[in-house]
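Summary of structural features
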Amino acid sequence: MKVPGPEVPADWPAREARHTRAVRALGAPAPDVLDLVQIDGRDAVVFERIDGPSMWELLCADPARGRELGGELGRIHSDILSAGVPLGVGSLVDRLALNLDQVGLFDAAERAAAHERLAVLPQGAALLHGDLHPGNVLMRGDGPVVIDWFDAAIGHPVADVVRSSLLLRPFVPLTERPHTPGASAEMLTALHAGYVRSMGAMLTSTTSDVSLWEAVVAASRLAEGAEIDEAPLLAIWRDHRRGDEPQPGLARWLAG
């Protein structure tokens, strides 16, 4: 049962339930939604129970599996991206535009520059999870189940791969991040390398600008307030705006 905190908008649980049902109907590896109920006056979602550890728990138990699990995450992501287009799931580009308007670190000129870059990116028509990382993959005996479909959207697949890369990337200096508790630089380096290798063919064959997506997605992430240290994401955006190559940029990871 997923019960939101009192700071969460009242309509969010229903949205997550709707998204999860829609992507599950496509055959995506999502849990069954059993009910939408009220707990202490707040809407809550009742999901089927998934028996099994998360992919992140497996990695923490055996850090030597980093590349293997990164590759598995990439295969799961590829299946999601090719699942089709569900009903009732909104546009990623529209969501990014809203986020860019809410980045408190941007002045008017920086916000306008971000919108200009977003405007030239392709809309795309793939199912995007929006927050795919090992903590959101439960390793059930008969196959992985992906949870937390609240941020699901329809958009360009490169945007979702870039998003996951930013969530996994071993930024320097390494700081604690809520979705990778207890991570070491070695764990993240191996995990991210395995993931990028698995997604490499798709990324290198696309005509979409990977570095431009990286800059816009990093800027949008700043609006979420989910990072303890926002400096790496801000640096990616500002390096791109100045015309510098982000360090370390996804293009460098793709090059090996």
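Everything numeric in this text was worked out from a predicted model, so none of it was measured.

Quick word on the overall build of the protein chain
A tally of regular secondary structure across the protein chain gives 10 helices and 6 strands. The C-alpha radius of gyration computed for the protein chain amounts to 18 Å, which stays within 12% of the reference 18 Å derived for 256 residues, consistent with globular compactness. For the protein chain, the spread of C-alpha atoms along the principal axes amounts to about 50 × 40 × 35 Å. For the protein chain, the proportion of its 256 residues judged to be buried stands at 49%. Excluding contacts between residues fewer than 6 apart, the proportion of contacts in the protein chain whose partners are at least 24 apart in sequence is 73%. On the protein chain, roughly 11,500 Å² of surface is accessible, and the fraction owed to carbon and sulfur atoms is 53%.

What to know about the environment of Gly90
With respect to the helices and strands, Gly90 occurs in the loop between helix H3 (66–81) and helix H4 (92–100). C-alpha of Gly90 to C-alpha of Asp151: the two residues are 61 residues apart in sequence and 9.4 Å apart in space. Ignoring anything within four residues of it in the chain, the contact list for Gly90 reads Ala153 and Ile154.

Thoughts on helix H8 (residues 210–221)
Taking 1.5 Å per residue as the helical rise, H8 with its 12 residues ought to reach 16 Å, and the 16 Å between its terminal C-alpha atoms agrees with that figure. All of the buried residues along H8 are Val210, Leu212, Trp213, Glu214, Ala215, Val216, Val217, Ala218, Ala219, Ser220 and Arg221. Looking at the packing, one finds that the buried side of H8 touches H4, helix H5 (108–119), helix H6 (157–168), helix H7 (185–205), helix H9 (231–242) and helix H10 (250–254).

With respect to the pattern of salt bridges
Should the charged atoms of two oppositely charged side chains come close, the side chains can pair. All chains considered together, the criterion is met by 19 salt bridges. Glu16 is paired through a salt bridge with Lys2; the nearest N and O atoms lie 3.0 Å apart. Placement of Glu16 in helix H1 (residues 12–25) and of Lys2 in the segment before H1 is noted, with a sequence separation of 14 residues between them. Overall, the relative accessible area of 6% leaves Glu16 in the buried class. The class for Lys2 is partly exposed, based on a relative accessible area of 32%. With a shortest N-O distance of 2.7 Å, Lys2 and Asp148 are connected by a salt bridge. You can see Lys2 sitting in the segment before H1 and its partner Asp148 sitting in the loop between strand E5 (143–146) and strand E6 (153–155), a full 146 residues away along the chain.

Considerations on the environment of Val216
Mapping Val216 onto the fold places it in helix H8. Residue Val216 is classed as buried on the basis of its relative accessible area of 1%. Residues in contact with Val216, not counting those within four places in the same chain, are Leu96, Leu100, Arg117, Leu118 and Leu121.

Looking at the nonpolar core
Residues Phe106, Val137, Trp149, Val162, Leu166 and Trp213 are the most contacted members of the largest nonpolar core, which totals 62 residues. In terms of residues, this core owes the most to one element, H8, which gives 8 residues. Residues within four places of Trp213 in sequence aside, it is in contact with Leu92, Leu96, Leu121, Pro122, His156, Val158, Ala159, Val162 and Ser208.

Focus: the side chain of Asn136
Along the polypeptide, Asn136 turns up in the loop between strand E3 (126–128) and strand E4 (137–140). Residue Asn136 is classed as buried on the basis of its relative accessible area of 4%.

Basis of the calculations
Residues numbered from 1 in each chain as written. Predicted model: local features only at pLDDT ≥ 70, side-chain atom pairs only at ≥ 80, totals over all residues. Heavy atoms only, no water. Helix = DSSP H or I, 4+ residues; strand = E, 2+ residues; numbered from the N terminus. Rg over C-alpha atoms; globule rule 2.2 N^0.38 Å. Buried < 20%, exposed > 50% of the residue type's maximum accessible area, 1.4 Å probe, protein only. Contact = heavy atoms within 4.5 Å. Areas by Shrake-Rupley, 256 points an atom, 1.4 Å probe, with all protein chains shown as cover. Expected span 1.5 Å × (residues − 1). Salt bridge = Lys/Arg side-chain N within 4 Å of Asp/Glu carboxyl O. Core = buried A, V, L, I, M, F, W, Y, C linked by side-chain atoms within 4.5 Å.

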